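Single-letter residue listing:
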Amino acid sequence: MLPLRSNRKALNMKLSWLVICAGTLFLNPVTADCNITSQTVTCEESGKKLSNVPTNLFQNVTKLSLKNNKIILKDSDKEILQSIINLTELYLSENMITVLYSNSFCNLTKLVILDISNNHISTVHKAAFAGLNQLSVLNLSYNMITQLDSDVFTSLKSLTVLDLQYNFLKSFHIKSPFKLTKIILAGNPWTCSCDLLDLQIWLTASNVTMENENSTRCTFPNTKEKFSIKMAAIQPAECKTEKASLENTVTSTSAIKLKSRALLTVLTPNNITGNNGTHAELPLLGKSWTFLAGVLGFVLSTTLLIFTAIKCPTWYRYLISYSHRRLEENDSEMFEQEFSADMSSSPTVSGTNNEDPIVIFEKIPAFVPGEDGFIEDKYIDSYVNEES
């Protein structure tokens with residue numbers, strides 16, 4: 001009886017474990033197609049339809065492979081990855097990642113290998129790899145990166161292998177010292193000009209090994225197509241001259257911008273009245289006020305000249321029409337002749353009575369100018385004599 005009871009207990013234990021495993025798979029169907037062990041989670045060929053990082057992963061997992069899926073590395077995926085603090089290897093190749101944002105892997109302080117190759121990455125933010133203090137191998141090959149600065153890798157103190165082959169890089173500026181032992185740069189459209197000089201100097205001076213050096217060639221200019229980027233002739237003297245001329249151009253442009261800003265500040269001062277109603281200090285005036293005064297004087301003088309040119313003909317005609325002159329002796333005689341001619345030409349009325357009064361016009365003596373310049377009126381004198 002005792003062996004029978006023990007066999008039943010063992011059978012019940014197995015059934016309970018099977019129920020627990022089935023429930024786990026039912027509650028988390030994403031990991032159903034993944035190969036899960038105590039420290040390794042592999043969701044590659046069988047889980048190629050995954051669009052998210054699997055949830056409910058154990059924190060003791062050290063290797064996570066999510067190759068050949070449709071993961072775009074959303075914020076929820078970042079949170080799941082950052083919770084696996086013991087992870088040392090992460091493979092995200094052949095997915096649909098387009099941008100590596102800042103702090104994407106910030107909590108993975110033990111990560112040693114990171115593979116993000118064969119994606120659609122075109123932009124890598126400056127702090128994308130922040131926190132990866134132990135990272136040794138970084139694979140960014142077969143992506144669409146067009147510009148990449150060495151400051152992106154500043155936080156990677158332990159980086160030894162960097163794979164950047166088959167992207168769209170034309171230049172790669174080295175600003176911080178690298179401790180790399182191997183770098184792969186083949187398959188990029190390198191332009192062997194002054195922009196590539198610092199990379200060439202670093203490749204020559206450091207102990208780094210450039211893998212596939214013979215196939216890492218210039219694509220522009222045409223005269224250097226057969227040379228590797230490490231051996232292409234780039235003259236430092238010409239680059240210094242070009243850099244000096246560019247700096248002078250930038251300096252002159254910035255000076256012009258500063259002058260224009262100062263003039264605008266003088267013409268339209270800002271912050272004359274503060275938020276609390278108090279008057280703020282006006283900006284100090286420089287030599288630009290003389291230029292402003294000259295412009296105002298020129299505008300006023302031009303306006304005055306235009307106004308004078310318009311009004312001058314009117315004033316001239318007014319002065320000409322206002323001229324005077326004295327009556328002369330010939331003018332009075334011409335007046336008498338014209339008046340007598342008018343009277344003689346008037347028609348004679350028939351049947352008039354002879355007793356009708358006859359008007360006799362007395363000849364007015366000619367005007368003789370006196371010494372005082374006044375005209376003597378004979379009618380006034382005769383009128384005064386009759387009254388007397």
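Note that the coordinates shown come from a computational prediction; the quantities given were computed from them, not determined experimentally.

Undergrad: Residue-level account of helix α2 (residues 75-83), with values.
TA: Listing the buried residues of α2 in full gives Asp77, Lys78, Ile80, Leu81 and Gln82. The inward-facing, buried residues of α2 abut β3 (63-65) and β4 (89-91).

Undergrad: A description of the state of the cysteines should follow, citing residues and the corresponding values.
TA: All told, the structure shown has two disulfides when counted by the stated rule. Between the sulfur of Cys192 and that of Cys218 lies a disulfide, 1.7 Å long from S to S. Across the S-S bond linking Cys192 and Cys218, the dihedral sits near -80°, which makes this disulfide left-handed. In this pair, Cys192 is assigned in the loop between β11 (190-191) and α3 (197-205) and Cys218 in strand β13 (residues 218-220), connecting sequence segments 26 residues apart. The class for Cys218 is buried, based on a relative accessible area of 3%. There is a disulfide in this structure between Cys194 and Cys239, and the S-S distance comes to 2.3 Å. Its S-S torsion of about -90° marks the bond between Cys194 and Cys239 as left-handed, since a negative value means left-handed.

Undergrad: So what's going on with the nonpolar core? Residues and values would help.
TA: Membership of the largest hydrophobic core comes to 61 residues, with the highest contact counts inside it found for Phe105, Phe129 and Phe153. Mapped onto this core, the elements with two or more residues apiece are α2 and α3. Per-element tally for this core: the top contributor is α3, with four residues. Apart from the residues within four sequence positions on either side, Phe105 is in contact with Leu73, Leu81, Leu90, Leu92, Leu114, Ile116, Ala128, Phe129, Ala130 and Leu132.

Undergrad: Please set out the sheet that holds strand β9 (residues 161-163) residue by residue, giving values where relevant.
TA: Across the sheet, which stays open at both edges, the nine strands sit in the order β1-β2-β3-β4-β6-β8-β9-β10-β12 with mixed pairing between neighbours. Because the sheet does not close on itself, it has two edges, and the strands there are β1 (35-36) and β12 (209-211). Pairing of β9 with strand β10 (residues 182-184), which is carried by three bridges, proceeds in the parallel orientation. Within β10, the position partnered with Leu162 by the bridge is Ile183.

Undergrad: Break down the pattern of salt bridges for me, citing the residues and quoting the values.
TA: The final tally for this structure, using the stated rule, is two salt bridges. When the shortest N-O distance is used, the salt bridge between Asp75 and Lys78 registers 3.8 Å. In this pair, Asp75 and Lys78 both sit in helix α2, three residues apart, roughly one turn of the helix. The class for Asp75 is exposed, based on a relative accessible area of 56%. The salt bridge partner of Glu211 is Lys182, with a shortest N-O separation of 3.4 Å. Placement of Glu211 in strand β12 and of Lys182 in strand β10 is noted, with a sequence separation of 29 residues between them. Take Glu211: its relative accessible area is 30%, and that puts it in the partly exposed class.

Undergrad: Lay out unusual backbone geometry with the relevant residues and their values.
TA: Cis geometry is found at the peptide bond from Phe220 to Pro221, where omega equals 0°. Relative to the helices and strands, Pro221 is located in the loop between β13 and α4 (236-267). Its identity as a non-glycine residue notwithstanding, Asn103 has a phi of 60°, on the positive side. Position of Asn103 among the secondary structure elements: in the loop between β5 (99-100) and β6 (113-115). The residue Tyr166 is not glycine, and still its phi comes out positive at about 55°. Here Tyr166 lies in the loop between β9 and β10. Among the residues examined, Tyr166 registers a relative accessible area of 42% and is labelled partly exposed.

Calculation notes
- Residues numbered from 1 in each chain as written.
- Predicted model: local features only at pLDDT ≥ 70, side-chain atom pairs only at ≥ 80, totals over all residues.
- Heavy atoms only, no water.
- Buried < 20%, exposed > 50% of the residue type's maximum accessible area, 1.4 Å probe, protein only.
- Helix = DSSP H or I, 4+ residues; strand = E, 2+ residues; numbered from the N terminus.
- Contact = heavy atoms within 4.5 Å.
- Disulfide = S-S within 2.5 Å.
- Core = buried A, V, L, I, M, F, W, Y, C linked by side-chain atoms within 4.5 Å.
- Pairing = 2+ DSSP bridges.
- Salt bridge = Lys/Arg side-chain N within 4 Å of Asp/Glu carboxyl O.

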